[in-house]
Every structure is written in structure tokens, then in C-alpha cells.
Amino acid sequence: MWLTLLCANFSIYSYAASLPPNAKDPLKTQAEVSFYGADHLLQKHILSNIVLVDVLPVPALTFNYSNEVSVRPGQSFSIPLALRNSGNTALSYKLALSGDLGDSVALVLDVNGNGSKDEGDIELDTRESFNLDYAAYDFLLLTGTVPSGSAAGLAYQVGVVAAVPGSDAIATANLTLNVSSGPQVQVLLEASDHILDLSN
């Protein structure tokens, strides 16, 4: 028996999303053919079998932050950084700090994500590893104090690195702290009615 197809549509349905597919979930793909037979009366549909494709885990990290920050001599600062798991699997990462300010800077976990250091925030030990779920964020703060003798126009460079051990997944944040003029001290002189006696 022969079937004459006068009109046919072919479609393929597969996973599509703004996020990378989770490595825990296989991709599902299925084809559909819609057509009218010679009688023109009834549209028919044929579905293929479902094909499952396993997704290999690919870890990746991305920083979101402001590259340049204005600071003043002697000022304590708290600079927000958002670390995103941009891969397709949960991962563990380690942090590292480098730059001009040495040990005077630290990284803090911004627990409530409000961009400022609060009582409940946790200072992170860069010797430890930290877990980050699929498509999740860790909100961090770079904290420290600008040296009080810093001259206006000076720029301090600070680098933050997040890396997944055993993989090529590395995210780097390079920040520039531009030192602006410190607050001006005003000295006010007022005339006095008192006479200073220097005769004795």
C-alpha cells in the first residue's frame, strides 16, 4: 500500500534553555512528522523514539565585579564580587589572593548578598575548598584598608582567583583601587578678647 504525502512538516524537539544543560540530566531528543494524506481530511502525526544523550560534566566559573574602585588613604573598603557557577555541574573551588596590598586584604562570604560587610559574614580561609551548586552564586567581599600614607593618584592592583582543582576551570578578577585625595582638614582661627601676658 502506497501513501501519497501532499504536505508534511518535520520537527525535532530537544532541550533548550538559557542555562547549560545539567550534567545530571540527559538530553532528550524526539522527531515529529505531521502530514496530510491523499484524502486531505485528517492530519496525521508520527513520533520517533526518544533519544537520550548523556552530558559530560564541564566545570566553569565566572566573576562579576567592578574593575576599578575609588578609595581614600586610611579608608577601610569592602568590594563586592559575585562568583557564578557557569558550568553544567556542581563543583568545589579554591580561592587565592595576590597584589600590592599583601596580607592586608581578605575575602569574606557575603551571607545575605547585600554587598557590604555585616556581623554574620564569614571570613574565608583560602587554604580551604568551597562547594558551589549548579547555576549557583557565591557572593564575596574583598575587604581591607588602604595604607594611610598613600598618595593621591596611586593605584593598587589586587587579583582574586577562583579555580577548580584538577580542571582548567579558572575565574580571575583583577581590581584596581585608585587612591583619591583624602578629606581636607579645615583649621579655623577666631579672634580672642583675652590678652596674653608674657611679662612673667
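**Student:** Can you tell me about the pattern of salt bridges, naming the residues and giving the values?
**Tutor:** Taken as a whole and assessed by the stated rule, the structure comprises 1 salt bridge. Here Arg127 ties to Asp125 by a salt bridge, and the two come within 2.9 Å at their closest N and O atoms. The exposure class of Asp125 is partly exposed, given its relative accessible area of 24%.

**Student:** Explain the sheet that holds strand β7 (residues 76-85) to me, and be specific about the residues and the numbers.
**Tutor:** On the basis of which strands lie adjacent, the open sheet formed by 5 strands has the order β5-β7-β12-β9-β10 and antiparallel pairing. Both outer strands of the open sheet, β5 (61-64) and β10 (122-123), are each paired with one neighbouring strand and no more.

**Student:** Summarise the nonpolar core; cite the residues concerned and give the values.
**Tutor:** Soluble globular proteins tend to pack their nonpolar side chains together in the buried interior. Core analysis: the biggest nonpolar cluster contains 31 residues, and Leu61, Phe63, Phe77, Tyr93, Leu142 and Leu177 have the highest contact counts within it. For this core, the element with the highest residue contribution is strand β14 (residues 170-179), accounting for 5 residues. For Leu177, the residues in contact, after removing those within four places along its chain, are Val69, Val71, Phe77, Ile79, Leu101, Leu154, Ala155, Tyr156 and Val158.

**Student:** Break down the environment of Ser34 for me, citing the residues and quoting the values.
**Tutor:** Looking at the element boundaries, Ser34 is found in strand β2 (residues 27-36). Sequence separation of Ser34 and Ile46 is 12 residues, and the distance between their C-alpha atoms is 6.6 Å.

**Student:** An account of the environment of Pro165 is requested, with residue identities and associated values reported.
**Tutor:** Along the polypeptide, Pro165 turns up in the loop between β13 (155-163) and β14. Judged by its relative accessible area of 53%, Pro165 falls in the exposed class. Separated by 72 residues in the primary sequence, Pro165 and Tyr93 place their C-alpha atoms 6.6 Å from one another. Those residues in contact with Pro165, other than ones at most four positions away along the chain, are Ser92, Tyr93 and Lys94.

**Student:** Before we move on, could you go through the sheet that holds strand β11 (residues 129-132) and cite the residues and values that matter?
**Tutor:** What the 5 strands build is an open sheet, ordered β6-β14-β13-β8-β11; its pairing is mixed. Of all the strands in the sheet, the pair left with one neighbour each is β6 (68-71) and β11. In this sheet, neighbouring strand axes are inclined to one another by 30 degrees on average, regardless of whether the strands run parallel or antiparallel.

**Student:** Before we move on, could you go through the pairing of β7 and cite the residues and values that matter?
**Tutor:** Strand residues, when the strand is regular, have side chains that alternate between the two faces of the sheet. With 4 bridges joining them, β5 and β7 adopt antiparallel strand pairing. Paired with Asn64 across the strands is Ala82, a residue of β7. Alignment of β7 against strand β12 (residues 137-145), held across 9 bridges, turns out to be antiparallel. Within the sheet, the bridge partner assigned to Pro80 lies in β12 and is Leu141.

**Student:** For the confidence of the model for the chain, give the residues involved together with the corresponding values.
**Tutor:** Scored by pLDDT, the chain has a mean of 84; 80% of the residues are at 70 or more. The low-confidence segment residues 1-6, where pLDDT is below 50, has 11 contacts with residues more than four positions distant or belonging to other chains.

**Student:** Can you lay out the packing of aromatic side chains for me, pointing to particular residues and giving the numbers?
**Tutor:** The geometry of an aromatic ring pair is captured by the separation of the ring centres together with the interplanar angle, meaning the angle of the planes. Under the defined criterion, the tally for this structure stands at 2 aromatic pairs. Taking 5.7 Å as the distance between ring centres and 5 degrees as the angle between the ring planes, the aromatic pair formed by Tyr137 and Phe139 counts as stacked. Residue classification places Phe139 among the partly exposed residues on the basis of a relative accessible area of 37%.

**Student:** Can you lay out the side chain of Thr89 for me, pointing to particular residues and giving the numbers?
**Tutor:** On the secondary structure map, Thr89 appears in the loop between β7 and β8 (91-99). For Thr89, the contacting residues outside a window of four places in its chain are Ala23, Pro57, Val58, Pro59 and Tyr134.

**Student:** A description of unusual backbone geometry should follow, citing residues and the corresponding values.
**Tutor:** The residue Ala135 is not glycine, and still its phi comes out positive at about 65 degrees. Looking at where Ala135 falls in the secondary structure, it is placed in the loop between β11 and β12. Overall, the relative accessible area of 28% leaves Ala135 in the partly exposed class.

Rules of the game
Residues numbered from 1 in each chain as written. Predicted model: local features only at pLDDT ≥ 70, side-chain atom pairs only at ≥ 80, totals over all residues. Heavy atoms only, no water. Salt bridge = Lys/Arg side-chain N within 4 Å of Asp/Glu carboxyl O. Buried < 20%, exposed > 50% of the residue type's maximum accessible area, 1.4 Å probe, protein only. Pairing = 2+ DSSP bridges. Helix = DSSP H or I, 4+ residues; strand = E, 2+ residues; numbered from the N terminus. Core = buried A, V, L, I, M, F, W, Y, C linked by side-chain atoms within 4.5 Å. Contact = heavy atoms within 4.5 Å. Axes fitted to C-alpha atoms, helices over the stretch in contact; angles between N-to-C directions. pLDDT = per-residue confidence, 0-100. Phe/Tyr/Trp six-rings, centres within 6.5 Å; stacked < 30°, edge-to-face > 60°.

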